[in-house]
Amino acid sequence: CTMAAIDIKRTHSLEIAKAKKKIQKVADHIVEKFDVECEWDGNMLNFSRSGVDGHIKVNPKSIHVFADLGFFLSALKGPIETEIERYLDEEFS
């Protein structure tokens, strides 16, 4: 079966270190809300749990959130995407 993917790109004008701090705040919300585990690997924050596998890449001028949702979570793609967008708006608007 095909997985539903969340694919969100945002531009920013912050230094990488500041953008990473903001992404960590976004990640803290995601961890709390969706019970995922996160780990930084350079400028990429990888997150996963059963049914979710993704990352947030912090580039010099952009943020890229990507997540593959397994079968059970694919039905929740809309609400999950909305939550992530809201957290990004809070930190990067």
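See the structure printed just above.
Residues numbered from 1 in each chain as written. Predicted model: local features only at pLDDT ≥ 70, side-chain atom pairs only at ≥ 80, totals over all residues. Heavy atoms only, no water.

Notes on the pairing of strand β1 (residues 4-11)
Right, on to step 1. Residue alternation in β1 divides its side chains into a buried set, A4, I6, I8 and R10, and an unburied set, A5, D7, K9 and T11.
Right, on to step 2. With eight bridges joining them, β1 and strand β5 (residues 62-69) adopt antiparallel strand pairing. Across the sheet, the residue bridging to D7 is F66, located in β5. (Buried < 20%, exposed > 50% of the residue type's maximum accessible area, 1.4 Å probe, protein only. Helix = DSSP H or I, 4+ residues; strand = E, 2+ residues; numbered from the N terminus. Pairing = 2+ DSSP bridges.)

A short note on the nonpolar core
Right, on to step 1. If you look at the biggest cluster of nonpolar residues, it comprises 25 residues, and the most contacted ones within it are I23, I30, I56, I63, I84 and L88.
Right, on to step 2. Contributing elements (two or more residues each) for this core: β1, α1 (16-34), β3 (44-49), β4 (52-58), β5 and α3 (77-92).
Right, on to step 3. Per element, the largest residue contribution to this core is six residues, and it comes from α1.
Right, on to step 4. Each residue touching L88, except ones within four places of it in the same chain, is listed here: I8, R10, I23, V26, I63, V65 and S93. (Core = buried A, V, L, I, M, F, W, Y, C linked by side-chain atoms within 4.5 Å. Contact = heavy atoms within 4.5 Å.)

Concerning the pattern of salt bridges
Right, on to step 1. Taken as a whole and judged by the stated rule, the model has seven salt bridges.
Right, on to step 2. For the salt bridge of K9 with D7, the shortest nitrogen-to-oxygen distance reads 4.0 Å.
Right, on to step 3. On the basis of relative accessibility, which here comes to 60%, the residue K9 falls in the exposed class.
Right, on to step 4. For K33, the salt bridge is made with E83, and the minimal N-O distance between the two is 3.7 Å. Highlighted residues: K33 in helix α1 and E83 in helix α3, separated in sequence by 50 residues. (Salt bridge = Lys/Arg side-chain N within 4 Å of Asp/Glu carboxyl O.)

Overview of the packing of α1 against α3
Right, on to step 1. Put simply, α1 and α3 touch, their axes get as near as 10 Å, and they point 145 degrees apart. Seen from above, α1 lies across α3 with right-handed handedness. Here A19, K22, I23, K25, V26, H29, I30, K33 and F34 of α1 lie close against α3, whose contacting residues are I80, E83, I84, Y87, L88, E90, E91 and F92. (Axes fitted to C-alpha atoms, helices over the stretch in contact; angles between N-to-C directions. Left-handed = near helix turned anticlockwise from the far one by under 90°.)

Things to note about α3
Right, on to step 1. Here α3 contains 16 residues, and its C-alpha end-to-end distance of 22 Å stays within 8% of the 22 Å for a straight helix at 1.5 Å per residue.
Right, on to step 2. I80, E83, I84, Y87, L88, E91 and F92 are the residues of α3 that are buried. Angularly, the buried residues of α3 cover 145 degrees about the axis, an arc narrow enough to put them on a single face.
Right, on to step 3. Residues of α3 that are buried in the fold lie against β1, α1, β5 and α2 (71-74). (Expected span 1.5 Å × (residues − 1). Arc of directions from axis to C-beta.)

Considerations on the sheet that holds strand β2 (residues 37-41)
Right, on to step 1. With antiparallel pairing, the five strands of this open sheet are ordered in space as β1-β5-β4-β3-β2. Each having just a single partner strand, β1 and β2 make up the two edges of the open sheet. Recorded for the sheet is a direction-independent mean angle of 10 degrees between the axes of neighbouring strands.
Right, on to step 2. Sheet topology note: the β4/β5 ladder contains seven bridges and is antiparallel.

Take it as geometry only, folks, not as evidence of what the structure does.
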